[in-house]
Amino acid sequence: RLVGSEMCIRDRDKTAPVYQRRVAAQDTTDLRLYVALGAFAGIRPWELTRLTWADISLEDGVVSVRAKHSKTGGARHVTIYPVLQAWIHACRPHNAGPDDPVINPRDLKTRLFALRTRAGYSPENPWPHDCLRHSFASYAMKAGHDLNQLSNDMGHVGTDLLKTRYLNMRGLTKESAARYWSMTPESVSYTHLRAHETD
C-alpha cells in the first residue's frame, strides 16, 4: 500500500495519479544488476531478491543460489560469464558488506514497474513472465554455450526442460547473440533508469 498525505491506494491501482507520480519519481539505476543477473545468469526474480553479496564470488566465478532460496529447493552455482563480471564490478556499492542484499528491497515492486513502463511495457504490452531468464537460455544456446552447463546454471535436472520450454530461437542469429553477450556497462544508455520530472 502507498500511504501518503493525499490518499491511500493499493499497488494494483496503477492508473491512480498519486501512483503514477510515484512511479515517475523512481530512480531505478540500482536495478541494473537485477537485470544483469537475470539476463546473463538466468537467475529467477524470486531468487534475485534473496541474494546477498556473500553469494557472489568473482574469485570462484559463480553466483551461489542457496537451497532455501531456490524455487526447486536445491542449491546451485551459476557461472559468472565475463559480461556479468563487468556488470558486477560496475554496480557493486563500494561499502557493500557480505550480508547486504544485492538487490535493494526498498519499493522494489514499484521500481520494477517504473523500469518496465519506461522500457515501453504496459497492460496492453505486458512484460513477459521470466523474460530475462528465457533470454539468457536462448542467447546462451545461440552463442554455443554447453547445454549441460546451461542446464546446471538454470537449476534443471537434465536438459529436457531446457530443450522443450526455454529455447525459443525464432529471430535469433549468431550476430544478435554476439551483441547480447557484449552488452557491457559501457555500451548501454541509462537514461530510462533515472527519475522523470514531475509537475
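Structure: see above.
Residues numbered from 1 in each chain as written. Predicted model: local features only at pLDDT ≥ 70, side-chain atom pairs only at ≥ 80, totals over all residues. Heavy atoms only, no water.

1. Details of the environment of V188
Line of reasoning, step 1. Tracing the backbone through its elements, the reader meets V188 in the segment after α9 (174-180).
Line of reasoning, step 2. In this structure V188 touches W87 and M183, once residues within four positions along its chain are discounted. (Helix = DSSP H or I, 4+ residues; strand = E, 2+ residues; numbered from the N terminus. Contact = heavy atoms within 4.5 Å.)

2. Quick look at helix α4 (residues 82-91)
Line of reasoning, step 1. The set of residues buried in α4 consists of V83, L84, W87, I88 and C91. One side of α4 holds all its buried residues, which, seen down the axis, span an arc of 140 degrees. Facing away from the buried side of α4 by over 90 degrees, the exposed positions are P82 and H89.
Line of reasoning, step 2. For α4, the secondary structure elements touched by its buried residues are α2 (32-41) and β3 (56-57). (Buried < 20%, exposed > 50% of the residue type's maximum accessible area, 1.4 Å probe, protein only. Arc of directions from axis to C-beta.)

3. Observations concerning the sheet that holds strand β4 (residues 62-65)
What holds strands together in a sheet is hydrogen bonding between their backbones, with the strands either parallel or antiparallel.
Line of reasoning, step 1. Pairing is antiparallel in the open sheet, where three strands are placed in the order β3-β4-β5. Among the strands making up the open sheet, the edge pair consists of β3 and β5 (76-79).
Line of reasoning, step 2. Across two bridges, the pairing between β3 and β4 is antiparallel. What sits directly across from S57, in β4, is V62. (Pairing = 2+ DSSP bridges.)

4. A word on the pattern of salt bridges
Line of reasoning, step 1. Taken as a whole and assessed by the stated rule, the structure comprises four salt bridges.
Line of reasoning, step 2. One salt bridge connects R66 with D55, and the closest N-O pair in it is separated by 2.9 Å. You can see R66 sitting in the loop between β4 and β5 and its partner D55 sitting in the loop between α3 (45-48) and β3, a full 11 residues away along the chain.
Line of reasoning, step 3. R66 gets classed as partly exposed once you look at its relative accessible area, which sits at 32%.
Line of reasoning, step 4. Among the ionic contacts, a cluster of salt bridges with common partners joins R44, E47 and R76. (Salt bridge = Lys/Arg side-chain N within 4 Å of Asp/Glu carboxyl O.)

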